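Spelled out, the chains give:
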Amino acid sequence: MSEQISAGKLFRRVIDAEKPLQIVGTINAYCAILAEKAGHRAIYLSGAGVANASFGLPDLGIISRSDVLEEVRRITGASPLPLLVDIDTGWGEEFGIDRTIKEMIRAGAAAVHLEDQVEPKRCGHRPNKSIVSTGRMVDRIKAAVDARSDGDLMIMARTDALATAGLDAAVERAALYVEAGAESIFAEGVTDLAMYRRFADAVDVPLLANMTEFGKTPYYTKEQFAAQGVAMVLYPLSAFRAMSRAALEVYETILRAGTQEPVVAAMQPREELYELLHYYDYERKLDRLSSRDGVESGEGREKR
Ligand SMILES: C[C@](O)(C(=O)O)[C@H](CC(=O)O)C(=O)O
Ligand SMILES: [Mg+2]
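Residues numbered from 1 in each chain as written. Chains lettered and ligands numbered in written order. Predicted model: local features only at pLDDT ≥ 70, side-chain atom pairs only at ≥ 80, totals over all residues. Heavy atoms only, no water.

What follows concerns the overall build of the protein. Secondary structure summary: the protein contains 14 helices and eight strands in total. The principal-axis extents of the C-alpha atoms in the protein amount to approximately 70 × 50 × 35 Å. The burial tally for the protein puts 44% of its 304 residues in the buried class. Of all intrachain contacts in the protein linking residues separated by at least 6 positions in sequence, the fraction that spans at least 24 positions is 68%. By element, 52% of the accessible surface of the protein is carried by carbon and sulfur atoms, the whole surface being about 15,800 Å². For the protein, the centre of its 37 positive side-chain charges and the centre of its 45 negative side-chain charges are spaced 1 Å apart. (Helix = DSSP H or I, 4+ residues; strand = E, 2+ residues; numbered from the N terminus. Buried < 20%, exposed > 50% of the residue type's maximum accessible area, 1.4 Å probe, protein only. Contact = heavy atoms within 4.5 Å. Areas by Shrake-Rupley, 256 points an atom, 1.4 Å probe, with all protein chains shown as cover. Lys, Arg positive; Asp, Glu negative; His and termini not counted. Charge placed at Lys NZ, Arg CZ, Asp CG, Glu CD.)

Following this line, the structure appears as C-alpha cells:
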C-alpha cells in the first residue's frame, strides 16, 4: 500500500528529489492527467491560464478566488501530482488572504504563490506594474503563514520588484519575505541568467524561475538554471499556448477544407483518451452496477 502524505509534503519531497524541479502548467484536469502521463512530478495552475482559458479574459486581476478554487478542486480531484497555485495578490489583505489560504488547503493545493503587486495586478511580463511597500507584502505573507497554522501548504512569495525597483531592491525584498515566513521565492520578470544567482545567494529557501514564453526571460535550460542555484523551473502556459494554436488550426481547417481529415493525424485518438481516463473500467463498473431496470429497450447497447 502506498504511503499517504499531504500534498504539501509531497511537493517538498519532489523539490528535494529533482534539481531543478520542472513544474508545468495544467489549465484543467485533463492537462494534469497528461502531465502525469508524460512523467512530470509537479503541476501548476496559472492565474493567466484560468483567466484566459476558462473565462476568455486577460490576466489583469479580473478573476476571483472562487474561480481559481473551482479549477484547483477539479485538478486535485483528477491528479495525484502536487499542485502549485497562482493566488495573485491573495484576493484581499489580512482576512482575504486568510480565507484564500484556508480554502486552498481544503481544495488540495500543495503550494501557493502570493505576489507583491498592487491590486489589480498585471501580468509579470508586461509594463506598468506597481508594487506595494515591503511592509505591506510582509503583512500579506504573515497573514498567509498564520492562516496555514501548522499545515503543510508551502507559501511561496513572488516578487515583481525587479521591473519597478531594480535587482538590489528585489533581492532585498526576497530576503525580507523569507524572514516573514515565506518558504520559497518566485523571482518574476528576470531578464538575465546571472540574476538568479543573486536571489539564490540571498535566501536559503528554494528559488523558482518562471520560464514563460514570449516574456522578459530569455530561454534557458534546466541545467543553466540549476547552475545558478534555481530549485524550480516553471513553464506556466507552454501547453496552453500550443493547444491554442492547434485548436485554431483545426477550426480553420474544418471551414477551409470542408472536412477535418487533413488534421486528424494531429489528434489524440479516442483509444488514447479512453486509456488515460480509465474509460473501460468505468464502463465495466456501469455494466456491473446497472440492472438497466426501467430502460424500455436495449437500443444502442451493443451485445457483448
Ligand atoms: C506565471 C503567471 O503569473 C501566470 O499566471 O501563469 C504569468 C505567466 C505569463 O503571463 O506568461 C506571469 O508571469 O505573470
Ligand atoms: Mg499569474
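Val68, Val72, Val85, Ile101, Met104, Ile185 and Phe225 are the most contacted members of the largest nonpolar core, which has 62 residues in total. A per-element tally of this core places helix 6 (residues 134-148) first, with six residues. When sequence neighbours within four positions are dropped, the list of residues in contact with Phe225 reads Leu193, Tyr196, Ala209, Met211, Tyr220, Val230 and Val233. Counting residues in hydrophobic clusters, the runner-up holds 17 residues, among them Leu21, Met156, Ala231 and Met232. (Core = buried A, V, L, I, M, F, W, Y, C linked by side-chain atoms within 4.5 Å.)

A few words on the environment of Arg41. Structurally, Arg41 can be placed in the loop between helix 2 (29-38) and strand 2 (43-45). Each C-alpha atom, one on Arg41 and one on Asp152, is 18 Å from the other, the two residues being 111 residues apart in sequence. Those residues in contact with Arg41, other than ones at most four positions away along the chain, are Val14, Ala17, Glu18, Leu21, Leu81 and Pro82. A polar contact is formed between the side chain of Arg41 and the side chain of Glu18, at a distance of 2.8 Å. (Polar contact = N/O pair within 3.5 Å; in protein donor to acceptor, adjacent residues only side chain to side chain.)

Here we come to the packing of aromatic side chains. Taken as a whole, this structure holds five aromatic pairs when the rule is applied. Centre to centre, the rings of Tyr220 and Phe225 are 5.7 Å apart; their planes meet at 90°, and the pair counts as edge-to-face. Relative to Tyr280, the ring of Tyr274 has its centre 5.9 Å away and its plane inclined at 75°; by these criteria the two rings are edge-to-face. Under the relative-accessibility criterion, Tyr274 is labelled buried at 14%. Owing to a relative accessible area of 29%, Tyr280 belongs among the partly exposed residues under this scheme. Put simply, the rings of Tyr196, Tyr220 and Phe225 pair up and form one aromatic cluster. If you follow Arg158 out to its NZ or CZ, it ends over the ring of Phe186, 5.1 Å from the centre. (Phe/Tyr/Trp six-rings, centres within 6.5 Å; stacked < 30°, edge-to-face > 60°. Lys NZ or Arg CZ within 6 Å of the ring centre and 35° of its normal.)

Averaged over the protein, the pLDDT score is 95; the fraction of residues at 70 or greater is 96%. For this predicted complex, the interface confidence reaches an ipTM of 0.99, while the overall pTM sits at 0.95. (pLDDT = per-residue confidence, 0-100.)

Take the site of ligand 1 next. The immediate surroundings of ligand 1 are formed by 16 residues, with Ser46, Gly124, Arg158, Glu188 and Thr212 found nearest. The separation between an oxygen atom of ligand 1 and a polar side-chain atom of Ser46 is 2.6 Å. Between an oxygen atom of ligand 1 and a side-chain N or O atom of Glu188, the distance comes to 2.5 Å. Against a free-state accessible area of 350 Å², the protein chains account for coverage of 95% of ligand 1. Of the residues in the shell around ligand 1, the class split is five nonpolar, six polar and five charged. (Near = heavy atom within 4 Å. Nonpolar A, V, L, I, M, F, W, Y, C, P; charged D, E, K, R; others polar.)

Strand order in the closed barrel formed by eight strands is 1-2-3-4-5-6-7-8, and the pairing between neighbours is parallel. When strand polarity is set aside, the average angle formed by the axes of neighbouring strands in this sheet is 25°. When strand 2 meets strand 3 (residues 83-86), the two strands line up parallel, connected through three bridges. Bridge assignment links Tyr44 to a residue of strand 3, and that residue is Leu84. (Pairing = 2+ DSSP bridges. Axes fitted to C-alpha atoms, helices over the stretch in contact; angles between N-to-C directions.)

This part takes up the UniProt feature "binding site: Mg(2+)" (unreviewed entry) in the protein. In this structure's numbering, the residues bearing the UniProt feature "binding site: Mg(2+)" (unreviewed entry) are Asp86 and Asp88. Take Asp86: its relative accessible area is 4%, and that puts it in the buried class. Of note is the side chain of Asp86, whose polar atom sits 3.3 Å from the side chain of Tyr44. Locating Asp88 in the fold gives a position in the loop between strand 3 and helix 5 (94-107). A relative accessible area of 3% places Asp88 in the buried class. When sequence neighbours within four positions are dropped, the list of residues in contact with Asp88 reads His113, Leu114, Glu115 and Lys121. (UniProt positions renumbered as here; feature names shortened; annotations may be inferred.)

This part takes up the environment of Lys9. Along the chain, the position of Lys9 falls in helix 1 (residues 7-17). On a C-alpha basis, the gap between Lys9 and Ala110 in space is 7.7 Å, while along the polypeptide they are 101 residues apart. Within polar-contact distance, the side chain of Lys9 engages the side chain of Asp152 at 3.5 Å.

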